[in-house]
Each structure stands twice: as structure tokens, then as C-alpha cells.
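The primary structure of each chain is shown beneath.
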Amino acid sequence: DTFLQLQEEAIRLKHADVAADSEEAQRFAKAYWDMITEFTGGDMSMLANLVRLGQFEGMDPKWKEKQALANAYIGRALDAYFTKLGVDPFRRETE
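What you see is a predicted model, and the numbers here were worked out from it, not measured in a lab.

## Let's talk about the overall build of the chain
Piece 1. Scanning the chain from N- to C-terminus turns up four helices and zero strands.
Piece 2. The order of α-helices and β-strands along the chain, N terminus first, is α-α-α-α.
Piece 3. Burial statistics for the chain: of 95 residues in total, 28% are counted as buried.
Piece 4. Counting only contacts in the chain whose residues sit at least 6 apart along the sequence, the fraction spanning at least 24 positions is 62%.
Piece 5. Of the roughly 6600 Å² of accessible surface on the chain, 54% is carried by carbon and sulfur atoms.

## A short note on the nonpolar core
Piece 1. Core analysis: the largest hydrophobic core is formed by 20 residues, its most contacted members being Phe 28, Tyr 32, Trp 33, Tyr 73, Ile 74 and Leu 78.
Piece 2. Every element with two or more residues in this core is listed here: helix H1 (2–15), helix H2 (23–40) and helix H4 (61–85).

## Examining H1
Piece 1. The end-to-end C-alpha separation of H1 is 20 Å, in line with the 20 Å expected for 14 residues at 1.5 Å each.
Piece 2. When H1 is considered as a whole, its buried residues turn out to be Leu 6, Gln 7, Ala 10, Ile 11 and Leu 13. Viewed along the axis of H1, the buried residues span an arc of 165 degrees, placing them on a single side of the element. In H1, the exposed residues that point more than 90 degrees away from the buried face are Gln 5 and His 15.
Piece 3. Where the residues of H1 are buried, they touch H2 and H4.

## Thoughts on the side chain of Gln 26
Piece 1. Inspection of the secondary structure puts Gln 26 in helix H2.
Piece 2. Apart from residues no more than four positions distant in its own chain, Gln 26 is found in contact with Ala 20, Asp 21, Ala 77, Ala 80, Tyr 81 and Lys 84.

Rules behind the numbers
All residue numbers here refer to positions counted from 1 along the written sequence of the relevant chain. Side-chain atom pairs in this predicted model are given and counted only at pLDDT of 80 or more, local residue features only at pLDDT of at least 70, and totals for whole chains, interfaces and linings cover all residues. Remark: hydrogens and water are excluded; side-chain values derive from all non-hydrogen atoms of the structure. By definition, any uninterrupted DSSP run of H or I lasting at least four residues is a helix, any uninterrupted run of E lasting at least two residues is a strand, and each is numbered from the N terminus. Note on classification: 1.4 Å probe, protein chains only; a residue is buried when its accessible area is under 20% of the maximum for its type, exposed when over 50%, partly exposed between these limits. The contact criterion used is simple: two residues touch if any of their non-hydrogen atoms lie within 4.5 Å. Each accessible area value is a Shrake-Rupley result obtained with a 1.4 Å probe; residue values ignore everything except the protein chains displayed when judging cover. Put simply, a nonpolar core is a bunch of buried Ala, Val, Leu, Ile, Met, Phe, Trp, Tyr and Cys residues held in one set by side-chain atoms that sit within 4.5 Å of each other. The length a helix should cover is 1.5 Å for every residue beyond the first. Comment: arc refers to directions from the helix axis out to C-beta atoms.

Written out as C-alpha cells, the structure reads:
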């Protein structure tokens, strides 16, 4: 349920042209990242598997289109979020 709610929120923010580095987008990015870390239990090695699952191979084309739309915004919002925090969760802290 949380995933679907956040997906809808990403699409809403994208359609509203909310900047990825805005306060609203950063609250969204935090909520999205919190969902991921809760799901993975903080095990970042699981991220590659989540990305593969996110491809939704064999899924309905409308679902895939919706996911692609959400992912475009999510990626930008998370990039801004991690930059602001000064961390790279996929590697190490940035300097």
C-alpha cells in the first residue's frame, strides 16, 4: 500500500512540476527512502534486486508506463535528497 501511495504521489508531484529539490519533494524522497530501508532492513545489497523487480517484466503496459513516469520523478527527488544529505547510499559518504 505504501509503495502504491508513494507512486501516486510521485506522479502528482511530476504533473504539478514540483522541483525535485523543493521542500515538498524532499519530504517525499525521505518517505520513499524510508520505505526502501524498512523493506530491505537497511541491507543495501538488496537494492540491485529491487531495481530488477522494478522493471516489472511481463506486466501490463499501462502499469509499466505509470511506473516509468513515477520512477523518473523518484530518481530526481532521491538524487537531490542524497546530495543535500551529502551521502551516496550506493557507495560511501561524499566529501
